[in-house]
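Working through the structure, step by step
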Amino acid sequence: TTPDAFRLSLNQSAITTLTWAIAATVDSFSLVALPLDGSPARVSLLNPEQTSTLDDTHGVPTCYYLITIQGADVSRTDALCAYPGYAF
């Protein structure tokens, strides 16, 4: 089951706030951060009740997706990208 309302905000900083709504009971979440400068991906293991987290982009544009695991079912959200220092 993919989480609903996966969103991000920067609030004029390099720290990304990511939020989501839990649509059903899940066993675990993983947040994948993909820096767009070629730096290694970062994977954070999150607890199943969690509905938000923070990530420091270090000023590097970064894309994120959330992976959900429920039994043998694995799904992921569409990617969201943060561009520190840019307004859209």
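Going by the structure above, here's the rest.
The structure displayed is predicted, hence computed values, not measured ones.

What follows deals with the packing of aromatic side chains. A ring pair, where both rings are aromatic, is described by two values, the distance of the centres and the angle of the planes. Scanning the model with the defined rule gives 1 aromatic pair in all. Above the plane of the ring of Tyr 65 lies Arg 76, whose end atom (NZ or CZ) is 4.7 Å from the centre.

One open sheet accounts for 3 strands, arranged E1-E2-E5; its pairing is antiparallel. The open sheet is flanked by strand E1 (4–9) and strand E5 (52–56), the only strands paired with a single partner. If you compare each strand with its neighbour and ignore which way they point, the axes differ by 15° on average. For E1 and strand E2 (residues 15–21), the ladder comprises 4 bridges, and the chain directions are antiparallel. Each residue of the ladder has a partner; that of Arg 7, found in E2, is Thr 19.

Applying the stated criterion across every chain, the model contains 1 salt bridge. With a shortest N-O distance of 2.5 Å, Asp 55 and Arg 42 are connected by a salt bridge. You can see Asp 55 sitting in strand E5 and its partner Arg 42 sitting in strand E4 (residues 42–46), a full 13 residues away along the chain.

Reading guide: rules and limits
Residues numbered from 1 in each chain as written. Predicted model: local features only at pLDDT ≥ 70, side-chain atom pairs only at ≥ 80, totals over all residues. Heavy atoms only, no water. Phe/Tyr/Trp six-rings, centres within 6.5 Å; stacked < 30°, edge-to-face > 60°. Lys NZ or Arg CZ within 6 Å of the ring centre and 35° of its normal. Pairing = 2+ DSSP bridges. Helix = DSSP H or I, 4+ residues; strand = E, 2+ residues; numbered from the N terminus. Axes fitted to C-alpha atoms, helices over the stretch in contact; angles between N-to-C directions. Salt bridge = Lys/Arg side-chain N within 4 Å of Asp/Glu carboxyl O.

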